[in-house]
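Geometric and topological summary
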Amino acid sequence: MSDNSSNFTLASESGLVATLSPLGAALRSLTLSSPPSSPSRAESAIGAIQCAKCGSNSRAAAWTTRSVVLGLASDDAARRHAGPYLGVTVGRVANRIGHGGEFELDGERHQARANEGGNCLHGGGGDGALDGRVWEMAERVSGKTDGADAFVGWPIAGCGRYDAVTFASTMADGENGFPGRVNVRATYVVAHGAHALGIVLEGEAEAVTLLALTNHAYFNLSGEPREGGLADHQLDLHEATGVLAVDDALIPTGEVVPLAADSPFAAAVASLGSEAKLEGLDHNYVLAPPDTAGACRCIGALVHVPSGLRMRVTTTKPGVQVYTGNGLGHAGIPIADTVHAQCASVNYGNGSAICLETQFFPDAIHLGPLLGCATGRLEPGEVYRHETWLLFD
């Protein structure tokens, strides 16, 4: 597969266009615009359910067409530059498993493939992980929903129409050291009537195993990512209550650091330029649980200050890994290989984009007894399903 003939496009009537690839079940590009024949940007955002804590966006109509995620332009480029995980679905277990990747289920010890400093990152990489394999395009659907019958995070008040693409893959028993055969699905959904993209991740196992998936998209809402370009963004994670303390290998210690107002980890980040104080963020923020178990709630918003473009994030997950692309510059990705190739001033350097990886906590299988959190354990017959929605205005 050396070209993009396998890519799929989802386009909403309000002007959101997502390009998807079966390689890694990836979000290759995400473009926001408002065609002349569609409602204005301000009007197209009215249908989206508002969040009382985020408030309305008075500058919703100020921004212009732009490409807001980092992406690779071809399958060949995606294979050459797999390291940063641009836009892919990661698993079998997203984030890190400590203890050298070793874990125990029902008294049986398992050794996950170690691919980062002696620990397991994003499922261990290679052919046994999800990000580097070609998924099957399982389904393409156009439908209508009131939300409850299809998506717990449906972003529009009342009924609405949507288009969706579902990718599917099967992980064999023992792949990268994980037990149990698992069938997984990644569905991307665009909602007509709002600038909204949903990501639904599902799985079922034939034996007890671990499953914890996430999408690894990088966002820069200016449309022109460059080194240090996050400095003109603001992040407010209003549902964050703390941050997981980590060791030098970024494995959680079991301590939750409260988000005091004077903390560099504070939920209301005046400017992501302040992340330089921490030499870049790669930390998991603990989120307040939803009022109803399994509900999809708004956890906060990323804003590009000069244009006013805002991205609100809703999720069913208990945590979000905030990663400010600290290693992007070391990846050495030529702009000619990316979806931003036509932008002469662009570079995918350190601090050029941010990941907001909604997920279970890193090393959850070992943190569970300490924090009482979900461990990622999946029983046979149990359905793993989580949603994350991105709402732009």
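Below is a summary of the structure that appears in this document. Here the structure is a predicted model, which is why all the values come from computation and not from measurement. (Residues numbered from 1 in each chain as written. Predicted model: local features only at pLDDT ≥ 70, side-chain atom pairs only at ≥ 80, totals over all residues. Heavy atoms only, no water.)

A few points about the sheet that holds strand β17 (residues 240–246)
Here five strands make up an open sheet; going across it, the order is β18-β17-β20-β23-β24 and the pairing antiparallel. Two strands in the sheet have a free side with no partner beyond their single neighbour: β18 (252–258) and β24 (355–359). Strand-to-strand twist of the sheet, defined as the mean angle between neighbouring strand axes without regard to direction, takes the value 30 degrees. With five bridges connecting them, strand β20 (residues 282–287) and strand β23 (residues 319–323) associate as antiparallel partners. Within the sheet, the bridge partner assigned to Asp-282 lies in β23 and is Tyr-323. Docked against the sheet, helix α4 (residues 364–371) engages β17 and β18, running at close to 55 degrees with respect to β18. (Pairing = 2+ DSSP bridges. Helix = DSSP H or I, 4+ residues; strand = E, 2+ residues; numbered from the N terminus. Axes fitted to C-alpha atoms, helices over the stretch in contact; angles between N-to-C directions. Contact = heavy atoms within 4.5 Å.)

Concerning the sheet that holds strand β2 (residues 16–21)
Taking strand neighbours across the sheet as the criterion, the four strands line up as β1-β2-β3-β4 in an open arrangement whose pairing is antiparallel. Because the sheet does not close on itself, it has two edges, and the strands there are β1 (8–11) and β4 (66–67). Here β2 runs beside strand β3 (residues 26–32); their pairing, made up of six bridges, is antiparallel. Residue Ser-21 lies in a different strand from β3, and its bridge partner there is Ala-26.

Thoughts on unusual backbone geometry
In this model, Gly-91 is joined to Arg-92 through a cis peptide bond whose omega is 20 degrees. Note on placement: Arg-92 falls in the loop between β5 (89–90) and β6 (96–97). Even without glycine at this site, Ala-25 takes up a positive phi of about 45 degrees. By the element assignment, Ala-25 lies in the loop between β2 and β3. Overall, Ala-25 belongs to the buried group, its relative accessible area being 0%. Even without a glycine there, the phi angle at Asp-363 is positive, about 55 degrees. (Buried < 20%, exposed > 50% of the residue type's maximum accessible area, 1.4 Å probe, protein only.)

Considerations on the environment of Gly-91
Tracing the sequence through the fold places Gly-91 in the loop between β5 and β6. A relative accessible area of 0% places Gly-91 in the buried class. A C-alpha to C-alpha distance of 6.0 Å links Gly-91 and Ala-129, two positions 38 residues apart in sequence. Discounting chain neighbours no more than four positions away, the residues touching Gly-91 are His-122, Gly-123, Ala-129, Leu-130, Ala-212 and Leu-213.

What about the packing of aromatic side chains?
Under the criterion given, the structure shown has ten aromatic pairs. Note on Phe-151 and Trp-154: the rings are 6.1 Å apart at their centroids and 20 degrees apart in plane angle, and the pair reads as stacked. Look at Phe-151 and you get buried, because its relative accessible area is 8%. Ring centres of Phe-167 and Tyr-188 lie 6.4 Å apart, and the angle between their planes is 75 degrees; on these two criteria the pair is classed as edge-to-face. Linking Phe-167 in strand β11 (residues 160–171) with Tyr-188 in strand β12 (residues 182–191), this pair joins segments that are 21 residues apart in sequence. You'll find Phe-167 and Tyr-188 in the same group, each marked buried. A cation over an aromatic ring shows up here: Lys-317 above the ring of Phe-360, its NZ or CZ 5.9 Å from the ring centre. (Phe/Tyr/Trp six-rings, centres within 6.5 Å; stacked < 30°, edge-to-face > 60°. Lys NZ or Arg CZ within 6 Å of the ring centre and 35° of its normal.)

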